[in-house]
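Working through the structure, step by step
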Amino acid sequence: MMSQPNLYKPYLMRLDRITEEAPGVKTFKLLFQNEEEGRQFSFRAGQFAEYSVFGAGECTFCIASSPTRKGYVECTFRQAGRVTSALSDLEVGDTLGFRGPYGNVFPIEKWAGKSLLFIAGGIALPPMRCLIWNVLDLRSKFRDVTILYGARTVADLVYKHELEEWSQRPDVKLVTTVDPGGETPEWRGEVGFVPSVLEKIAPLSINTVAIVCGPPIMIKFTFPVLSRLGFTPDTIYTTLENRMKCGVGKCGRCNVGKYYVCKDGPVFTFEQLKTLPPEY
Amino acid sequence: METERRILTREAFDSLLQKAVAAGQRAYGPKDLDGRIDFAPIARLDDLSTGHVQTTQSAKFALFPKVEELFSFHREGNAQVLDEATEADTPETLLLGVRPCDAAAIASLAAIFNWDTRDPQFNRRLARTTVVTITCTHADEYCFCTSVGGGPGNSTGSDLLLTPLEGGTYLAEVLTARGQALLALVPESSTPANAVDKESRLACVPSRFTAETVTAKMAVAFDREGLWREQSLRCLGCGACAFVCPTCACFDISDESNGIQGKRLRTWDSCGFSLFTKHTSGHNPREVQSQRWRQRLMHKFVYMPDRLKVLGCVGCGRCSRSCPVDMNILEHVTKVAEVK
Amino acid sequence: MEELRKRARELLATGEVKVVIGYGEGSAGRIRPLFITDPAGAGVLMFDERCLANLAVYLLKAEVKQLGKAAGTAPIRNHSNGLQPAAESQVSDETVRLIGVADGKAVDLPTLASAEEYVASVSLEPAAEEKEALARIERMTMEERWAYWNEQLSRCLKCYACRAACPMCYCTQCTVECNQPQWIPVPATPLGNLEWHVMRAMHLAGRCVGCGECRRACPIDLPIDLLTKKIGEDVAAGFGLRAGSSRKLEYALSTYRPDDREDFIR
């Protein structure tokens with residue numbers, strides 16, 4: 001991890017590419033203005049950063065690109081508040097701030113030899129996308145890779161181009177779904193909420209790790225299905241998204257119980273979540 | 001370092017302060033501001049108020065100001081340039097007349113700002129601050145330092161510890177090299193004092209509970225919704241308690257800019273505010289005041305000891321004195337400690 | 001005092017109200033707000049010359065409203081605190097019942113209409129000391145006033161105790177909490193503080209009942225009540241209206257009458 005003398009001073013980044021993923025959702029590809037910083041920068045899947053628009057403020061997103069791909073970072077966000085609105089107004093060539101990487105990591109090395117089940121909903125695919133590409137870049141280390149991804153409507157699916165890529169790969173089983181009523185006439189994927197589609201495809205739980213990211217309601221209904229399939233809480237991982245500011249465990253905002261989501265998370269197992277007060 | 005004890009006459013004390021100020025130190029101490037005692041710039045000993053138990057605000061402003069520039073930025077053509085705050089923004093500071101509880105609070109602040117990663121702004125200020133503490137000869141019913149590991153004559157966090165004696169003189173205990181350097185400003189004035197009885201002059205602050213008991217009981221009381229609701233029903237959710245508290249360090253970060261140049265600032269914040277944990281989506285993990293009140297106490301008495309190995313309360317009582325509706329932390333913590 | 005307790009017991013026992021909001025002994029000789037829901041608990045209610053705090057703020061606090069209909073005790077002068085929220089449709093006879101206290105006696109005010117009559121029997125003008133405090137500033141030149149307020153308000157911490165304690169600051173999203181755009185800056189800089197207090201005074205123009213709770217609540221005793229009281233006096237002088245005198249809305253800044261004193265409007 002690169003350490004800077006001023007903890008709060010971000011790297012300066014150039015906005016290199018904007019991809020319109022879905023209504024209100026964009027992916028930014030950012031290059032380090034200082035190439036040496038870019039060369040030295042490294043992170044691991046699961047970590048997040050604070051992205052700045054100078055004058056508007058900072059915003060917390062996971063790093064959505066894979067750590068195996070050097071020289072750039074990506075983030076995906078939905079326009080919702082002050083800073084994301086300012087981000088949405090930026091054009092290619094503009095300058096942003098980037099502060100990170102922060103947080104803990106997915107323990108990929110512990111999953112060697114296991115099968116991986118990725119479950120994501122809507123705008124929660126970005127933290128997983130980083131992990132998925134990381135895994136695919138090290139594909140031979142793992143057994144089966146299954147990805148279940150759902151969104152409200154076809155238009156709301158993000159990373160459409162990459163979904164296409166993943167669906168073409170023989171070493172990945174990809175299942176996409178949209179909520180009932182969200183399908184188009186051309187849609188050939190599943191129709192149904194993520195938990196019920198999960199129940200339908202019934203992946204094996206033996207020697208498998210599940211990673212679940214999505215809105216709280218999706219997680220709430222997915223967890224019992226995973227239990228029924230035989231997953232124990234210590235084999236189910238998720239990422240928490242609390243309101244954050246400093247990202248380094250000082251401002252107090254993300255303090256939940258004795259944990260700081262920015263330091264002890266955002267990656268947690270369900271086993272760990274059970275020990276937290278329900279304040280996230 | 002064996003504690004050196006000296007007698008400091010009033011004249012010597014005055015001379016010490018004036019010499020320190022003349023040498024460029026910014027001195028702050030308790031001052032009578034129209035009947036309210038609070039920290040203000042002082043230049044001579046006559047400025048210093050001494051008959052009070054405690055000041056309204058804490059001295060944390062010296063290490064963690066209410067507004068602090070993290071860095072500034074400006075445009076040069078199409079490029080953004082980031083500028084650091086200069087060293088000149090961190091003057092040498094002399095805190096004169098803090099209480100032992102305030103000095104002890106520095107350890108709590110340092111735990112927050114330095115665990116895992118070191119906060120450069122806080123450390124720059126800490127390195128340039130000298131703490132001259134005056135022990136307590138009086139306490140009031142809000143004080144409870146002895147219940148949280150402190151005491152009216154404790155030396156933790158102080159560079160010089162002064163105990164008032166007869167005739168305006170002080171017993172001066174030299175605790176650090178910084179304290180030594182300060183006292184060296186008046187070498188001809190301070191005489192050794194080995195036989196002075198400090199303890200008999202200190203205020204009596206009966207211990208009301210032990211911190212370990214409170215930590216254990218409070219952790220168990222987390223789910224007692226009724227208890228937290230009842231305690232917090234009159235709480236208005238303002239930030240007065242957090243802002244006068246010497247150990248509260250939660251902050252917000254915001255940008256101010258005119259489009260060409262601007263600054264990124266950090267400012268005091270409070271877990272008691274309703275917006276503190278609210279997501280942009282509208283979801284708020286601590287939606288009601290009772291959850292936020294609980295967080296305040298749990299953070300200070302359970303989470304901080306667990307995680308940072310230090311309590312988040314020094315028993316100064318300021319929160320209770322300042323609360324508009326008489327939320328009394330000693331009373332509330334004691335009640336939690338009595339929970340079966 | 002016993003009469004007050006008896007009244008509280010009766011109201012709770014009959015279920016007429018679900019909670020009595022009153023005063024009780026607090027720390028170090030202070031008084032504190034109390035919420036009595038059980039008739040047997042009414043014995044701790046008290047009332048004396050220390051009981052000036054404005055409890056009307058609790059009539060608008062979600063956690064208290066959830067308890068049900070409330071009875072609020074207050075000295076007679078402070079019942080304007082109940083009437084102004086009524087004028088702004090924040091409380092009604094269904095949700096609140098006031099108990100006046102005067103000369104040691106409890107005066108039952110079963111409806112807001114009766115409270116209005118009761119309040120009409122006292123003057124809502126500021127007391128002599130308050131008038132003098134306002135006059136002292138009015139005697140300053142503009143430069144002196146600017147310097148005075150800048151110096152005072154630069155000390156503000158933006159703790160928002162003033163807002164939290166004020167019964168008329170009941171907005172679920174305060175202007176300072178809007179960040180698109182950030183009308184009032186977050187940091188407690190001198191300019192940011194000035195903007196906050198000026199904006200608050202303007203939002204209270206014609207609505208401030210002059211209870212002084214903002215000043216009492218301020219941990220560093222800033223004289224911010226003078227700002228809102230000054231505007232209150234200006235509204236009274238200019239429009240003949242005083243906040244808290246009526247349970248019907250007569251808001252100077254949003255009411256038009258054909259007999260308005262200003263002739264530019266005709």
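Residues numbered from 1 in each chain as written. Chains lettered and ligands numbered in written order. Predicted model: local features only at pLDDT ≥ 70, side-chain atom pairs only at ≥ 80, totals over all residues. Heavy atoms only, no water.

1. Some details on the sheet that holds strand β3 (residues 70–75) of chain C
Residue and element names in this part refer to chain C. Going by this rule: A pair of strands is treated as paired once DSSP finds two or more bridges between them. Segments assigned H or I by DSSP are reported as helices when at least four residues long, segments assigned E as strands when at least two residues long, and all are numbered from the N terminus. For helices, the fitted line uses only the C-alpha atoms of the stretch in contact; every axis is such a line through C-alpha atoms, and the angle between N-to-C directions lies from 0 to 180 degrees.
Spatially, five strands are ordered β2-β1-β3-β4-β5 in an open sheet, and the strand pairing comes out mixed. Only two strands of the sheet have a single partner each, and these edge strands are β2 (31–36) and β5 (105–109). On average, each strand axis in the sheet is inclined to that of its neighbour by 30°, with strand direction left out of account. With three bridges joining them, strand β1 (residues 19–25) and β3 adopt parallel strand pairing. Along β3, the bridge assignment pairs V19 with A70.

2. Focus: the sheet that holds strand β5 (residues 72–78) of chain A
All names here are of chain A. Read from one edge to the other, the open sheet built from six strands follows the order β4-β3-β6-β1-β2-β5, with strand pairing classed as antiparallel. Where the open sheet ends on each side, the last strands, each with one partner, are β4 (57–62) and β5. Pairs of neighbouring strands in the sheet enclose a mean axial angle of 40°, with direction left out of account. Judged from the four bridges that link them, strand β1 (residues 11–22) and strand β6 (residues 95–102) form a sheet pairing that is antiparallel.

3. Some points on the interface of chain B and chain A
Let me state the cut-off plainly: When checking whether two residues touch, look at their non-hydrogen atoms; a contact exists if any pair is within 4.5 Å. Once two parts are brought into contact, the accessible area they lose, counted with a 1.4 Å probe and summed over both, makes up the buried area. A pairing counts as a salt bridge when a side-chain nitrogen of Lys or Arg comes within 4 Å of a carboxyl oxygen of Asp or Glu. Polar contact is defined as a pair of N or O atoms within 3.5 Å, subject to the rule that within protein one atom must be able to donate a hydrogen and the other to accept it, and that residues adjacent in sequence are counted only when both atoms are side-chain atoms. Residues are grouped as follows: nonpolar covers Ala, Val, Leu, Ile, Met, Phe, Trp, Tyr, Cys and Pro; charged covers Asp, Glu, Lys and Arg; every other residue, Gly included, is treated as polar.
On the side of chain A, 42 residues touch chain B, which itself brings 44 residues to the contact. Taking both sides of the interface into account, the surface hidden between chain B and chain A amounts to around 3,600 Å²; carbon and sulfur atoms contribute 53%. Applying the counting rule to chain B against chain A returns ten salt bridges. Put simply, chain B and chain A have 32 residue pairs in polar contact (both at pLDDT 80 or more) between them. The set of elements that each furnish at least two residues to the side of chain B that touches chain A consists of β4 (67–76), β5 (79–83), α2 (100–114), α3 (120–127), β11 (251–257), β12 (261–268) and α8 (289–308) of chain B. In terms of residue count, α8 of chain B provides more of the side of chain B that touches chain A than any other element does, eight residues in total. Taken together, the residues that form the side of chain B that touches chain A break down as 17 nonpolar, 13 polar and 14 charged.

4. Re the packing of aromatic side chains
Here the distance between the centres and the angle between the planes together describe a pair of aromatic rings. Stated formally: The aromatic pairing rule takes the rings of Phe, Tyr and Trp, using the six-membered ring of Trp, and pairs them if the centres are within 6.5 Å, calling planes under 30 degrees apart stacked, those over 60 edge-to-face and the rest tilted. Burial classes follow relative accessibility: with a 1.4 Å probe on protein chains only, a residue under 20% of its type's maximum area counts as buried, one over 50% as exposed, and anything between as partly exposed. The rule is short: NZ of Lys or CZ of Arg within 6 Å of the ring centre and within 35 degrees of the ring normal puts a charge over the ring.
Summed over all chains, the structure comprises 38 aromatic pairs over all chains. Taking the centre distance of 5.4 Å and the plane angle of 70° together, the rings of F41 of chain A and F98 of chain A count as edge-to-face. One end of the pair, F41 of chain A, is in the loop between α1 (35–40) and β3 (48–53); the other, F98 of chain A, is in strand β6, with 57 residues separating them in the sequence. A relative accessible area of 0% means that F98 of chain A is categorised as buried. With 5.1 Å between their ring centres and 70° between their planes, W111 of chain A and Y237 of chain A make a pair best called edge-to-face. Linking W111 of chain A in the loop between β6 and β7 (115–121) with Y237 of chain A in strand β12 (residues 236–239), this pair joins segments that are 126 residues apart in sequence. The residues W111 of chain A and Y237 of chain A share a single accessibility class, namely buried. Taken together through their ring pairs, the aromatic side chains of Y8 of chain A, F64, F113, F122, F243, F251, W268 and F273 of chain B together with Y160 and W196 of chain C make up a single cluster. Sitting over the face of the ring of Y72 of chain A, K29 of chain A holds its NZ or CZ atom 4.6 Å from the ring centroid. Here K60 of chain B stacks its cationic end above the ring of W268 of chain B, 4.7 Å away from the centre of that ring.

5. Focus on the pattern of salt bridges
All names here are of chain C. Across all of its chains, the model carries 63 salt bridges over all chains by this definition. We note a salt bridge from E2 to R9, for which the minimum N-O separation is 3.5 Å. On the basis of relative accessibility, which here comes to 43%, the residue E2 falls in the partly exposed class. Each of K6, R7, E10, E16, K69, R97 and D108 takes part in one network of salt bridges that share partners.

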